[in-house]
Amino acid sequence: MRTNFLISILYFISLIAFVACGGSGGDSKPTQPAANPPNLTGVNPAANDNSVLLGNTVAAIFDKTMNVGSAGTFVVYGNQTGKRTGAYTGGGSQTLVFNPNIAFKLGEIVEVILTDSLTSTDGTSLSSPFVYHFWAEALGGTGNFNLDDTVLNQLGAQGLAAGDWDNDGDIDLAVANFSASTVVIMKNDSFGGFSVFDTVGSQFGASAVVALDWDGDGDLDLAVANDGNSSVGILENDGTGNYSLANTVTFQINARGLAAGDWDGDGDLDLAVANFGTNEAAILENDGSGLFTEIEAIGGLGGASAVAAGDWDGDGDLDLAAANFSVNTVVILKNNGTGSYIAVDTLPNQFGASGFAVGDWDDDGDLDLAVTNFGNQRVKILNNDGTAGFTEVQIISPMLGATGLISGDWDGDGDLDLAVANFTANTVVSLGNDGTGSFAIDDTVLNQIGASALATGDWNSDGDLDLAVANSTGGNNVRTLENL
């Protein structure tokens, strides 16, 4: 009896112990902390480098031994060529390398996305994605431009985009025609001669167009802001430069400006829209196939006319800036890393703010801004302190009806210059950078009637960056300007 009693007591004690450890068969050891995730320690080319060799590889350096990257985890887009293919190496080391199959295009803006699916050999992944930009070099030029070619009957031409639509190696053009409610695809004959190849209709009040590879298939698609019917049209490329309307994002009230980039770091390219009518910047998320959904609208932007993207604070995600025509401000919008934005600063006295250019003007490693002030005929240079704090450092005037703005290395000296489309003065003005972020007028091209927007590329394959200008009311044409 005593023996049976002791056995019962021991059984009871063991049962209590079993329940206390969750019935898990005695897993009473404390939970081990998860291994530390890998940290990114460097990239090559450096973020915001403005003169990268055309044949450069792209490398990411970590503090742990990594598994090799892939087209889904280490993603490289060119704004004139789409999603890049190439060789991935470096698995089993701390440096992962992507070697593109073809060289970058002159002046091309390249977006690199290191997603949080990159893993180390111990099975841990990046704690957050890292997204950054760099600029491919130009090989010459003077910054002086001559009229080269004119494409007529572009009614109310207001927006331009440049890219290799047909993958034949030269840079083509697309124009948003406000009055004709069309997007016109222009092909380059490889010598800088352009002709109309395709027209996409029913883009009512087309006011801006942007090119990037929405579906990741290696060719450049388009998005168009339609002021007339308050929508954004998503145009899919069949790979030969023929475009068709894939879908339409509605309720983008008086859409006037577009920017593209991977806001959430998932490896595909999203959109931001400046909606003049609702004083908002709308954030459109891409599902990876080119289907866009509005996930956020940032309000309080009086007459939002343009948006620009860049990593203002150097934290590895893409922030935004909004030009607000009606209230004369530029608002800086900070990304929390997931594609959600908050206004962190308002820059006053930007009278009739209407357009942006982005670049590292002073070569200090962070991205600066330039903004057109239509209302008081100026271009203003805004320097970044590296934390998204912007200071106005230069005013360039008079720029009568300053509307369109673009950056590029016109003289091939390794820093980014500017060009301005002046609607009222009917001119395109090139502004040379002295290397410190101070700009001076290099050249003025006359008779650009109603100059509204600019694009850049090496139209004639001579190694320097040329310009194209959309001439709106009164002009109704697109003109290419050859860099001498």
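Refer to the structure printed above.
What counts, and where the lines are drawn
Residues numbered from 1 in each chain as written. Predicted model: local features only at pLDDT ≥ 70, side-chain atom pairs only at ≥ 80, totals over all residues. Heavy atoms only, no water. Helix = DSSP H or I, 4+ residues; strand = E, 2+ residues; numbered from the N terminus. Buried < 20%, exposed > 50% of the residue type's maximum accessible area, 1.4 Å probe, protein only. Lys, Arg positive; Asp, Glu negative; His and termini not counted. Salt bridge = Lys/Arg side-chain N within 4 Å of Asp/Glu carboxyl O. Polar contact = N/O pair within 3.5 Å; in protein donor to acceptor, adjacent residues only side chain to side chain. Contact = heavy atoms within 4.5 Å. Pairing = 2+ DSSP bridges. Axes fitted to C-alpha atoms, helices over the stretch in contact; angles between N-to-C directions.

**Observations regarding the side chain of Asp 213**
Moving on, step 1. With respect to the helices and strands, Asp 213 occurs in the loop between β14 (206–212) and β15 (221–226).
Moving on, step 2. Here Asp 213 sits buried without a salt bridge, and the closest side chain of opposite charge, Lys 83, lies 7.1 Å off (N-O distance).
Moving on, step 3. A distance of 2.8 Å separates a polar side-chain atom of Asp 213 from the backbone nitrogen of Gly 218.
Moving on, step 4. Among all residues touching Asp 213, those that are not within four sequence positions of it are Tyr 77, Gly 82, Lys 83, Gly 218, Asp 219, Leu 220, Asp 221 and Leu 269.

**Structural notes on the pattern of salt bridges**
Moving on, step 1. As enumerated under the stated definition, the model contains six salt bridges in all.
Moving on, step 2. Here Arg 256 and Asp 227 are joined by a salt bridge, their closest N and O atoms 2.7 Å apart. You can see Arg 256 sitting in strand β18 (residues 255–261) and its partner Asp 227 sitting in the loop between β15 and β16 (231–237), a full 29 residues away along the chain.
Moving on, step 3. The buried category is assigned to Asp 227, whose relative accessible area is 12%.

**Points about the sheet that holds strand β5 (residues 86–89)**
Moving on, step 1. One open sheet accounts for four strands, arranged β1-β2-β6-β5; its pairing is antiparallel. Sheet topology places β1 (40–44) and β5 at the edges, where each strand pairs with a single neighbour. On average, adjacent strands in this sheet sit at an angle of 15° to one another, irrespective of strand direction.
Moving on, step 2. As defined by bridge partners, β5 adjoins strand β6 (residues 93–100) across four bridges and the pair is classed as antiparallel. Paired with Tyr 88 across the bridge in β6 is Phe 98.

**Considering the pairing of strand β31 (residues 417–422)**
Moving on, step 1. Among the six residues of β31, six are classified as buried, and the element is accordingly described as predominantly covered.
Moving on, step 2. As paired elements, β31 and strand β32 (residues 427–433) share five bridges and run antiparallel to each other. Directly across from Ala 419, in β32, lies its bridge partner Ser 430.
Moving on, step 3. Hairpin geometry of β31 and β32 is characterised by an intervening segment of four residues between the two adjacent antiparallel strands and by a positive phi of about 60° at Asn 426.

**Regarding the side chain of Asp 366**
Moving on, step 1. Relative to the elements of secondary structure, Asp 366 occurs in the loop between β26 (353–359) and β27 (368–373).
Moving on, step 2. For Asp 366, which is buried and forms no salt bridge, the nearest opposite charge comes from Lys 334, at a distance of 13 Å.
Moving on, step 3. Within the structure, the side chain of Asp 366 is placed 3.3 Å from the backbone nitrogen of Gly 386, a separation counted as a polar contact.
Moving on, step 4. Not counting chain neighbours up to four residues away, the residues in contact with Asp 366 comprise Asn 48, Asp 360, Asn 384, Asp 385 and Gly 386.

**A closer look at the pairing of strand β35 (residues 466–471)**
Regular strands place side chains that alternate from one sheet face to the opposite one.
Moving on, step 1. Summarising burial for β35: six of the six residues are buried, a large majority.
Moving on, step 2. Covered by surrounding structure in β35 are Asp 466, Ala 468 and Ala 470 together with Leu 467, Val 469 and Asn 471, the residues of both alternating faces.
Moving on, step 3. Sheet analysis places strand β34 (residues 451–457) next to β35, joined by six bridges and oriented antiparallel. Pairing of Thr 456 across the sheet is with Leu 467, part of β35.
Moving on, step 4. When β35 meets strand β36 (residues 477–483), the two strands line up antiparallel, connected through five bridges. Looking across to β36, one finds that Ala 468 is bridged to Thr 480.

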